[in-house]
Amino acid sequence: MKTITLTALREQVERKKAAIGWVDDEASTAALRNSGRTRTPAKREMLGQIEARAKAVGRKPLSSNY
Amino acid sequence: MAIPDTYLALLDILADAFARYETATGHCAILVGGGAVAVQTQGAFMSGDLDLYAPSDAALETALLHSGFVREERRGRLAGGFYHPEFPEYGVEAISGQLFDGRADRTRLIRVLFHETKGIVIPSFEDMIADRLGQYAASSQRDHSRLAQAQLLFRLAEDLDVSYLRVRIADEGGNFDLLEGKEAGGV
């Protein structure tokens, strides 16, 4: 098994993002977000519960399609 | 977006559960699916549901419960989902079967350390690229986000073993050429 620290992985990935001109913003994140079309009913239910739990305590859930 | 602090805090707790699981079974639990992609892209892709693979469901459940996770109840029945009360905006679920149907080279797993010894284990970039391409190929409605995730992982990875990647993509029924945008749209 390979081992890497989270810090080293972050530096590696951020260096690559800069090299390829990747910008982390809402548009790029949205393009990567699962469409939700192939989710199972159980997964949809799980995501619905996550959203409900988050809203119940005033947290903003991550955007997801389900 | 950068990985949210809450996500990192949840992974820190998950690392505790992984350590408990490994101590109890001698095997490692593995963060797979979108959760692994979130770590490998450092938040470019994010997912609120984290899928875990572990050979023993019972030992994984014990480890999660001892680390503060609670069972999620779905429509009156107990299912395989868990969440941590401090981070209700995330869910954790155990997946069954073998890791990538037993086709992945487990020596390529990556242990991402948060502290000196504690961390989480994720698949190799090669295996996650193949997984995403396989899911893209398998979906009748062509979820292009899966292709975009594979293409981004391909561009972010360092020292990819292309020979292994080609084999794994073939295993998963994907198309290597899509990574370079030779078909369909690029990232």
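These numbers come from a predicted model, not from an experiment.

### Examining the interface of chain A and chain B
Point 1. Contacts between the two partners involve 38 residues from chain A, matched on the other side by 39 residues from chain B.
Point 2. For the side of chain A that touches chain B, the secondary-structure elements that each account for two or more residues are strand S1 (2–5), helix H1 (6–20), helix H2 (26–32) and helix H3 (41–56) of chain A.
Point 3. Looking at the side of chain A that touches chain B, the element that brings in the most residues is H1(A), giving 9 residues.
Point 4. Classifying every residue of the side of chain A that touches chain B gives 17 nonpolar, 10 polar and 11 charged.
Point 5. Where S1(A) and strand S6 (residues 110–113) of chain B come together, 4 bridges link them in parallel fashion. Among the inter-strand pairings, A:Thr5 is bridged to a residue of S6(B), identified as B:Leu113.

### Some words on the sheet that holds S1(A)
Point 1. Reading across from one edge, S1(A)-S6(B)-S7(B) is the order of the 3 strands in this open sheet, with mixed pairing throughout. Each edge of the open sheet carries a strand with a single partner, namely S1 of chain A together with strand S7 (119–122) of chain B. Each adjacent strand pair in this sheet contributes to an overall mean axis angle of 25°, direction not counted.
Point 2. The strands that H1(A) touches are S1 of chain A together with S6 of chain B; relative to S1(A), the one it contacts most, it runs at about 85°.

### Comments concerning the nonpolar core
Residues and elements named next belong to chain B.
Point 1. Of all hydrophobic cores here, the largest spans 61 residues; its most connected members are Ala29, Leu31, Leu52, Ile120, Ile122, Ile129 and Leu153.
Point 2. Counting only domains with at least three residues in this core, you end up with domain 1 (5–122) and domain 2 (125–173).
Point 3. With residues up to four places along the chain from it excluded, the contact list for Ala29 reads Phe18, Tyr21, Leu52, Tyr53, Ala54, Leu60 and Val121.

### Description of the domain arrangement of chain B
Residues and elements named next belong to chain B.
Point 1. By the assigned domains, chain B splits into domain 1 (5–122) and domain 2 (125–173).
Point 2. Here the C-alpha centre of domain 2 lies 21 Å away from the C-alpha centre of domain 1.
Point 3. Taken together, the contact between domain 1 and domain 2 spans 11 residues of the former and 12 residues of the latter.
Point 4. Among the residues forming the side of domain 1 that touches domain 2, the class breakdown is 6 nonpolar, 2 polar and 3 charged.

### Thoughts on the packing of helix H4 (residues 125–138) of chain B against helix H6 (residues 162–171) of chain B
Residues and elements named next belong to chain B.
Point 1. The geometry of H4 relative to H6 is characterised by a closest axis approach of 8 Å and an angle of 30° between their N-to-C directions. By the criterion of interaxial angle, the relationship of H4 to H6 is roughly parallel. Crossing angle aside, the handedness with which H4 passes H6 is right-handed. Between H4 and H6, the residues in contact are Glu126, Asp127, Ile129, Ala130 and Leu133 and Tyr164, Leu165, Arg168, Ile169 and Asp171, respectively.

### Observations regarding unusual backbone geometry
Residues and elements named next belong to chain B.
Point 1. Even without being a glycine, Phe100 presents a positive backbone phi close to 50°.
Point 2. By the secondary structure assignment, Phe100 is in the loop between strand S5 (87–95) and S6.
Point 3. Owing to 21 C-beta atoms within 10 Å, Phe100 belongs among the buried residues under this scheme.
Point 4. One non-glycine residue, Asp101, lies in positive phi territory at about 55°.
Point 5. Summarising the element assignment, Asp101 is placed in the loop between S5 and S6.

Calculation rules
Residues numbered from 1 in each chain as written. Chains lettered and ligands numbered in written order. Predicted model: local features only at pLDDT ≥ 70, side-chain atom pairs only at ≥ 80, totals over all residues. Contact = placed C-beta atoms within 7 Å. Helix = DSSP H or I, 4+ residues; strand = E, 2+ residues; numbered from the N terminus. Nonpolar A, V, L, I, M, F, W, Y, C, P; charged D, E, K, R; others polar. Pairing = 2+ DSSP bridges. Axes fitted to C-alpha atoms, helices over the stretch in contact; angles between N-to-C directions. Core = buried A, V, L, I, M, F, W, Y, C linked by C-beta atoms within 7 Å. Buried ≥ 20, exposed ≤ 12 C-beta atoms within 10 Å, placed from the backbone. Domains from an automatic or database assignment. Parallel < 35°, antiparallel > 145°, perpendicular 65-115°, else oblique. Left-handed = near helix turned anticlockwise from the far one by under 90°.

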